[in-house]
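Remarks on the overall topology
Residue strings, one per chain:
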Amino acid sequence: MQEEPKEEEKKLTPAMKEFAEGDEPLEDKGLLISETWLYKIFVKSAYRFLNKPLALLQLLKQSAERLQRYDSARELGEDVLEQFQLLFRMVRAYAKGEYKGVSLQGVVLSVAALLYFVAPLDFIPDFLVIGLVDDIALILWLIKNYKQELEDFQAWEDAQKIQIEIDPHPIEQEDEGSKEN
């Protein structure tokens, strides 16, 4: 006796089932997503976002909220979450004008991936049980292909944390204060 498929599984198209059940690593599946007409629409939208820093920062806020909603550490995995947060911080630093070490293509595809991530309707709609698989696959593909740019950003970010402001004359100010007493 065959089990009746769940209601959500009935909504999956053959292409969605093939995508979800394939043996390829998720980042390779992300390549398939990056070649769809739907993702190409997000890429075109991403170019417009680059000229609107406030809209870009709002997109980052929506992405962060979405990550929290899905208990991301459990669903995405620690390593993927860490890489996604690095990508997120790179786009934010770019939007704020703090970091320009990323290629135009890298930032555009990153913004397009964020747009894809927050869009409820994409290759596999997010309301389905496996709805995040395509989002994660696309992000992993992006991280894999822009690994060097992400590593360069990480090095830049680490260098920013190391810089400590030191007051060049703290002792002189202290001496002047003690002379007044």
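To start, this report covers the structure provided alongside it.

Conventions used here
Residues numbered from 1 in each chain as written. Predicted model: local features only at pLDDT ≥ 70, side-chain atom pairs only at ≥ 80, totals over all residues. Heavy atoms only, no water. Helix = DSSP H or I, 4+ residues; strand = E, 2+ residues; numbered from the N terminus. Buried < 20%, exposed > 50% of the residue type's maximum accessible area, 1.4 Å probe, protein only. Contact = heavy atoms within 4.5 Å. Phe/Tyr/Trp six-rings, centres within 6.5 Å; stacked < 30°, edge-to-face > 60°. Lys NZ or Arg CZ within 6 Å of the ring centre and 35° of its normal. Axes fitted to C-alpha atoms, helices over the stretch in contact; angles between N-to-C directions. Parallel < 35°, antiparallel > 145°, perpendicular 65-115°, else oblique. Nonpolar A, V, L, I, M, F, W, Y, C, P; charged D, E, K, R; others polar. Salt bridge = Lys/Arg side-chain N within 4 Å of Asp/Glu carboxyl O.

Describing the environment of L114
Tracing the backbone through its elements, the reader meets L114 in helix α8 (residues 104-118). With relative accessibility at 0%, the residue L114 sits in the buried group. The spacing of L114 and L59 is 55 residues in sequence and 7.4 Å in space, taken between C-alpha atoms. Apart from residues lying up to four places away in sequence, L114 is in contact with L59, L60, S63, F84 and V91.

Looking at the packing of aromatic side chains
With the rule as written, the count across this model stands at six aromatic pairs. Aromatic side chains Y99 and W156 sit 4.9 Å apart centroid to centroid with 50° between the ring planes, which places their arrangement in the tilted category. Note that Y99 is positioned in the loop between α7 (78-95) and α8 and W156 in helix α10 (residues 147-162), a separation of 57 residues in sequence. A relative accessible area of 5% means that Y99 is categorised as buried. Three or more aromatic residues joined by ring pairs form one cluster here, namely Y39, F42 and Y116. Seen from the ring of Y94, K100 lies directly overhead, with NZ or CZ sitting 4.5 Å from the centre.

Comments concerning the packing of α8 against helix α9 (residues 133-145)
At a minimum axis separation of 10 Å, α8 and α9 run at an interaxial angle of 170°. Taken as axis vectors, α8 and α9 run roughly antiparallel relative to one another. Along its contact with α8, which presents L109, S110, A113, Y116 and F117, the element α9 presents D134, D135, L138, I139, W141 and L142. Taken together, the residues that form the contact of α8 with α9 break down as eight nonpolar, one polar and two charged.

Side note on the pattern of salt bridges
By the definition in use, this model includes one salt bridge. In this structure, E157 and R89 form a salt bridge, with 2.7 Å as the shortest nitrogen-oxygen distance. With a gap of 68 residues between them, E157 in helix α10 and R89 in helix α7 connect regions that are remote in the sequence. Owing to a relative accessible area of 10%, E157 belongs among the buried residues under this scheme.

This is a description of form; function is not addressed.
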